Every structure is written in C-alpha cells, then in structure tokens.
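# A closer look at the structure
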Amino acid sequence: MSTTTAAGVVHEPTFLNGDEFHIPRFELLRQDGTLHPQAAAPEFERETALRIYRAMLFTRVLDERMMAAQRQGRLSFYMQSTGEEGTVVGSTAALDPGDMIMAQYREQGALAYRGFGLDEFMDQLFGNEHDHGKGRQMPIHYGSKTLNYLTISSPLATQIPQATGYAYGQKLAGEGLCTLTVFGEGAASEGDFHAALNMASVLQVPVIFLCRNNGYAISTPAHEQFHADGIAPRAFGYRMKVIRVDGNDVLAVHQATRAARKLAVEDNQPVLIEAMTYRLAAHSSSDDPSGYRSRKEEDAWREKDPILRMRRWLEAQGWWSDDEEKHEQETRRREVLEAMKAAEKRRPPALETLVTDVYAQVTPALAEQLAALESHIRKYPDAYPKSAPYLDRDKATGGRDHG
C-alpha cells in the first residue's frame, strides 16, 4: 500500500469533498474587551500585555505617518498593516526571541515587538547609509540578523519553503527553537506553499505556517481564489495539525501560537494557523481599494479593530487609561516625525557598496561596471543629486567618509 494510514474499504464509488470537516474559529475576547463566557482567562503578565499593545499602537502610528510621507513624495512606496496588527504582534509575542521569523511584507509589528529601533525602520525606508540593506531594497523590506528576522523578499511565497528548510536545520541543531513564517491567503495559492507544507510534514520539522487570511489578494477576493473553506483544510492533505483563530483577537492569536510552538519544538510537528482578519488599508500605496470593495464592508471591519479590542481589555484590567493612550499616541507621533526628518537628511550608501560585498574580492567585470557608473554620474551630476556630491570624496577615502 502506498498510503500512510490503514483506510477502510468500500464496494461502491464513494466521493468526499471535505464537508466532513468543520474547522471552528478560536476566540477569547469579544469586541467590547470582555472574555467569552466559555473562555479561560489568559495568563498574561501586565508587562507583556503592555508591550504587545504598545507594539501594535506604534505600528499603526508608523503606518499612518509613512503613508502620508509617501503621498507627499518623500517615499517611493509603502505598505500598511492596519487591521492586522493583532495577528502579527500576538504571534510574535508567543515565540522565543531565538525563533526565526520569515515574514511577507506586512509584519513590521513583529520587528517593533522584538525591539527594532525607530531609526532602523527609517533608515531602511529611505535607503540611506545606515540601512542594514545598503539601500538595495524597496521600502518596508526590513531585515535583522540580530532579531532573527529574515530580510523581506518581494517575490510572493518564497519564504514559505525557506522556512521549512531553516526549521529542518533547527531540528538537527536540537536547540529547542522553531521558525514562524507569515503569508497571506493569496500567497497560499502559490506552489511554494504546497511544497513547503509537504516537505515539513514528511520531515517533521519545527515550523509554524501562519496565514493571514485578510480577505483579499490585492484586489482578488477570497471567494475568487478558492472554493474550499479557507486555507485551514489544506493541512489535512499533509496530515498536519491546524487551528483557525480570530486574527483580530490578540489574546487568542497569542495562545494559539504558543500552543503551536509547543507542538513544533517539543514534538517536531509542523502546524498551520489560519488567522481570520481584514486589511483595512489599501494593499499598498499603489492600490485603490474603492475599486473592488465597499465602504460599508470596511466600516463593518473597523468595528472589529484589534487595537481597540485590546485596549478595552487592558482598561478592564486596570492596566491602561485614556491619559496613557493620549500620551502614547502623542509621543509616538512626535518620535516618528523626528526620526523621519533625520533619516531623510542622511546621505545614501557609498556607491562602491554596490559591488564590494557581492564576492570576497571585487571581480574585474564589477570593477569595470562601477567605473562606468562613476563616469556616467560625473557626466550628468544634476541627474544624481544624492550621489554626485559624494563621489570624489568616497573615491579618495575608499567610501569610508560618510560625514
């Protein structure tokens, strides 16, 4: 037999379509911030709860300010996490700091929770000399080796099989760590998703696949992407543990992820989590959602705002107040604006960094291309106002003069 289970035998054609499986949605908090009657009170310390909330609030403020900056022409591109902060921060808070996160492109809240500095956010967005990626990536393509957060890659879903491979390495290392990979339901339509889940199940590696089902793959609604009951049932095809959770309930997301991590780390079982949420903002600064969804639909989801739900719960615990909310909002807005202005003024990376760390030694072909680029910039300095003023200075100092 080529199956892994001892299935029964029938003597007439019998077809199944999956309706036998009904996947419930795990939820702890109601929108008013109170627990459901059947829900157990979460084991949350005040310090952790406030850290989660502040990371969510910071992400919302950062997104609002930077989208405005993009509209002003100060940034080329931006993507917001508005409405999905509970899924991102709640899952991150349930991990060990040593666990790897392989995100898609809307997980800035994960970095905020782990301590990514405001200047680090801004330096990447503006691609200046302090950017970890040396200005080579589009805005919002963050990465941090220190915080175990793999640099974002634009091609959709590539991080999912990479997460399985990395988790296999973690299994071999035996250090009790796992990998969390985050993606949207649109990315789950890519072949990478299926290859990753199959490999993870066969090899039994400590990886958590977190799908942010926010209803739309850019402008394509979920019902036009798949006919099945969301993404969760796909786990059965790979004999994998799965849970569906209310993605706007940060406490439920945290508890589900913590339980999934236990399975992954202690039993080397991969887990699929489908977080049901909604993208309140546009897909990106290049998108206009009014062309494919109604304001009425958006307003209904605004009532389910994960930040508002978390705030009400905190207030019920006596851990937050209107005065603290006002102070946090004002402080964050001021800090973001100041950091943005500072990052804008920093110079771009030295031109030679385009080639100096591609290979151990700069190849003749790359050196020739760099020389041709320098010659071109000298010939047309007005077309390169950011690079031209530093060209000769960098040449004289080997790119070390970043003053």
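Model, not experiment: these values are computed from the prediction. (Residues numbered from 1 in each chain as written. Predicted model: local features only at pLDDT ≥ 70, side-chain atom pairs only at ≥ 80, totals over all residues. Heavy atoms only, no water.)

As a further point, take the overall build of the protein. The helix and strand tally for the protein stands at 13 helices and 8 strands. Computed over its C-alpha atoms, the radius of gyration of the protein comes to 23 Å, within 12% of the 22 Å expected for a compact globule of 403 residues. When each of the 403 residues of the protein is scored for burial, the buried share is 48%. In the protein, the share of contacts with a sequence separation of at least 24, taken over all contacts with a separation of at least 6, comes to 73%. Carbon and sulfur atoms make up 52% of the accessible area of the protein, which amounts to about 19900 Å² in all. (Helix = DSSP H or I, 4+ residues; strand = E, 2+ residues; numbered from the N terminus. Rg over C-alpha atoms; globule rule 2.2 N^0.38 Å. Buried < 20%, exposed > 50% of the residue type's maximum accessible area, 1.4 Å probe, protein only. Contact = heavy atoms within 4.5 Å. Areas by Shrake-Rupley, 256 points an atom, 1.4 Å probe, with all protein chains shown as cover.)

Turning to its location among the elements, glutamate 274 is positioned in strand 8 (residues 271–276). Accessibility expressed as a relative area gives 0% for glutamate 274, which makes it buried. On a C-alpha basis, the gap between glutamate 274 and phenylalanine 209 in space is 8.3 Å, while along the polypeptide they are 65 residues apart. The residues contacting glutamate 274, other than those within four sequence positions of it, are Cys211, Asn213, Gly230, Ile231, Ala232, Ile243, Arg244 and Val245. Among the polar contacts made by the side chain of glutamate 274, one reaches the side chain of asparagine 213 at a distance of 2.8 Å. Within polar-contact distance, the side chain of glutamate 274 engages the side chain of arginine 244 at 2.9 Å. (Polar contact = N/O pair within 3.5 Å; in protein donor to acceptor, adjacent residues only side chain to side chain.)

Time to look at the pattern of salt bridges. A complete count under the given rule lists 27 salt bridges for this structure. With a shortest N-O distance of 3.5 Å, glutamate 335 and arginine 332 are connected by a salt bridge. Of this pair, glutamate 335 and arginine 332 both sit in helix 11 (residues 322–345), 3 residues apart, which is roughly one turn of the helix. Its relative accessible area of 29% is what places glutamate 335 among the partly exposed residues. Sharing partners across several salt bridges, the network here consists of Arg293, Arg295, Glu298, Asp299 and Arg302. (Salt bridge = Lys/Arg side-chain N within 4 Å of Asp/Glu carboxyl O.)

Attention shifts here to helix 2 (residues 85–93). Note: α-helices contain 3.6 residues per turn, so residues at a spacing of three or four share the same orientation. For helix 2, the buried fraction is high: 9 of the 9 residues fall into the buried class. Those residues of helix 2 not exposed but buried are Glu85, Gly86, Thr87, Val88, Val89, Gly90, Ser91, Thr92 and Ala93.

This paragraph deals with the packing of aromatic side chains. One pass over the structure, following the stated rule, counts 12 aromatic pairs. Ring centres 6.4 Å apart and planes at 80 degrees place the aromatic pair tyrosine 216 and tyrosine 278 in the edge-to-face group. Of this pair, tyrosine 216 sits in strand 5 (residues 216–217) while tyrosine 278 sits in the loop between strand 8 and helix 9 (295–302); the two residues are 62 residues apart in sequence, bridging distant segments of the chain. Tyrosine 278 matches tyrosine 216 in its accessibility class, with the two residues each being buried. For the pair tyrosine 216 and tyrosine 292, a centre-to-centre distance of 5.4 Å together with 50 degrees between the ring planes defines the contact as tilted. (Phe/Tyr/Trp six-rings, centres within 6.5 Å; stacked < 30°, edge-to-face > 60°.)

What follows deals with the nonpolar core. With 68 residues, the main nonpolar core has Met66, Met122 and Met310 as its most contacted residues. Counting residues per element, this core draws most heavily on helix 1 (residues 46–71), at 13 residues. Ignoring any residue separated from it by four or fewer positions in sequence, one finds methionine 310 in contact with Ala49, Ile52, Tyr53, Met56, Val250 and Leu251. Membership of the second largest hydrophobic core comes to 24 residues, among which are Ala157, Phe183, Phe193 and Phe226. (Core = buried A, V, L, I, M, F, W, Y, C linked by side-chain atoms within 4.5 Å.)

This part is about the side chain of aspartate 123. Counting through the fold element by element, aspartate 123 comes out in helix 4 (residues 118–126). A distance of 2.9 Å separates a polar atom in the side chain of aspartate 123 from a polar atom in the side chain of asparagine 128. Beyond its immediate stretch of four places on either side in the chain, aspartate 123 contacts Asn128, His130, Asp131, Ala343 and Arg346.

Glancing now at a nonpolar patch on the surface. A contiguous nonpolar patch, built from Tyr168, Leu172, Met199, Val202 and Leu203 and spanning about 450 Å² of accessible area, is present on the exposed surface. For the nonpolar patch, the secondary-structure elements that each account for two or more residues are helix 5 (159–173) and helix 6 (191–203). Here the nonpolar patch gets 3 residues from one element, more than from any other, and that element is helix 6. Along the polypeptide, leucine 203 turns up in helix 6. On the accessibility criterion, leucine 203 (31% relative accessible area) is partly exposed. (Patch = residues over 30% accessible without salt bridge, like charges linked within 9 Å, V, L, I, M, F, W, Y side chains within 5 Å.)

Below, the discussion takes up the packing of helix 1 against helix 11. For the pair helix 1 and helix 11, the least separation of the axes is 9 Å and the interaxial angle reads 45 degrees. One element, helix 1, and the other, helix 11, form an angle in the oblique class. By crossing handedness, the relation of helix 1 to helix 11 is classed as right-handed. Between helix 1 and helix 11, the residues in contact are Arg46, Tyr53, Arg54, Leu57, Phe58, Val61, Leu62, Glu64, Arg65, Met66 and Ala69 and Glu324, Glu325, Glu328, Gln329, Arg332, Arg333, Val336, Leu337 and Met340, respectively. When its residues are assigned to classes, the contact of helix 1 with helix 11 shows 10 nonpolar, 1 polar and 9 charged. (Axes fitted to C-alpha atoms, helices over the stretch in contact; angles between N-to-C directions. Parallel < 35°, antiparallel > 145°, perpendicular 65-115°, else oblique. Left-handed = near helix turned anticlockwise from the far one by under 90°. Nonpolar A, V, L, I, M, F, W, Y, C, P; charged D, E, K, R; others polar.)

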